[in-house]
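What the coordinates show
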Amino acid sequence: MFGFGKGKVDIQLSKYNFSPGETIQGTVTLKLNKSIKAKGFNIRLICERKITKMSTSRMDTRIVKVFDFKQPLDKEREYPAGQELSYNFSMNIPKDFSSSMPDGALGSIAKAASFLSRQSSHFNWYMLASLDIPMGFDVSKKVQINVV
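An account of the accompanying structure is given in this report. (Residues numbered from 1 in each chain as written. Predicted model: local features only at pLDDT ≥ 70, side-chain atom pairs only at ≥ 80, totals over all residues. Heavy atoms only, no water.)

Here's the deal with the overall build of the chain
What counts here: We count a stretch as a helix when DSSP gives it H or I for four or more residues in a row; a strand needs E for two or more, and each element gets its number in order from the N terminus. Burial here depends on accessible area, computed with a 1.4 Å probe over protein chains only, as a share of the maximum for the residue type. Under 20% is buried, over 50% is exposed, and the range in between is partly exposed.
A tally of regular secondary structure across the chain gives 1 helix and 10 strands. Evaluated residue by residue, the chain yields a buried proportion of 34% over its 148 residues.

As C-alpha cells, this is what we get:
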C-alpha cells in the first residue's frame, strides 16, 4: 500500500500457509520518496474474527481482534529518501490458538449450534508492516496468511 506518495513497503514471506506453533520468517523492505521523521518501523501479526449474525430483518457483521503481536524492526529516527531499507524478521504463531472448528462429535455439535443460532464466524490472519509517522498517514503494507 502506498502512503500518498511517501513511499512503499513490501513484505516477502518464506511461505503463506502455517499451523499454530509455526514460525513465520520473512523480509520487509521500505523505500521512501522523501526523508521522513517517524516513531519507528514495525511488523505485526494480527488475527481478526469476523462474526456474522443473521436475524429476520438484517445481517450484522462485526470484527473482533483476537491476537495482535507487534515486533519493532527499527527505532524512532529520520528515515532517508531513495534508499531501500531491508529488515529480516521471525515471529511465532501461538501454539494454543486454533482458528477452526474442532473435529469429530464436538465439531458437529459446534457447527449445529452455529447454524441454529444463525451465526457464522471465521478468522483472518495477516502481517502488517508500517512506518509510524506522527503527523500524517503511515506507510504500510498488509499481507494475508493462512493459519489452519
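Quick word on the sheet that holds strand β3 (residues 23-32)
Quick reminder of the rule: Whether two strands pair depends on DSSP finding at least two bridges between them. Axis lines are fitted through C-alpha atoms, for helices just across the contact stretch, and the angle between N-to-C directions can take any value from 0 to 180 degrees.
The strand order across the open sheet built from 3 strands is β1-β3-β8, with neighbouring strands paired in antiparallel fashion. Strands at the two margins of the open sheet, each flanked by one partner only, are β1 (7-13) and β8 (84-92). When strand polarity is set aside, the average angle formed by the axes of neighbouring strands in this sheet is 20°. Summarising the sheet, β3 and β8 pair through 9 bridges and their orientation is antiparallel.

Description of the pattern of salt bridges
Basically, it comes down to this: The rule for a salt bridge is simple: a side-chain nitrogen of Lys or Arg has to be within 4 Å of a carboxyl oxygen of Asp or Glu.
Evaluation of the coordinates by the stated rule reveals 6 salt bridges. Note that K15 is salt-bridged to E22, the shortest N-O span being 2.6 Å. Residue K65 pairs with D68 through a salt bridge whose shortest N-O separation is 3.6 Å. You can call K65 partly exposed: its relative accessible area is 45%.

Description of the environment of V64
The test is simple: In what follows, residue pairs with any heavy atoms lying within 4.5 Å of each other are defined as contacts.
You can see V64 is positioned in strand β6 (residues 59-74). Residues V64 and C47, 17 residues apart in the sequence, show an inter-C-alpha distance of 8.7 Å. Residues contacting V64, with those up to four places away along its chain left out, are C47, E48, R49 and I51.

Thoughts on the side chain of N42
Within the secondary structure layout, N42 lies in strand β5 (residues 40-54). Discounting residues that sit within four places of it in the chain, N42 has contacts with K70, Q71, P72, L73, L128, A129 and S130.

Comments concerning the packing of aromatic side chains
Basically, it comes down to this: Aromatic pairing here means that ring centres of Phe, Tyr or Trp (its six-membered ring) are within 6.5 Å. Orientation follows from the plane angle: under 30 degrees is stacked, over 60 is edge-to-face, and everything else is tilted.
The tally for this structure, following the rule as stated, stands at 2 aromatic pairs. Consider the rings of F41 and Y87, whose centres lie 5.2 Å apart with planes at 55°: the pair is tilted. With a gap of 46 residues between them, F41 in strand β5 and Y87 in strand β8 connect regions that are remote in the sequence. The same class applies to F41 as to Y87, namely buried.

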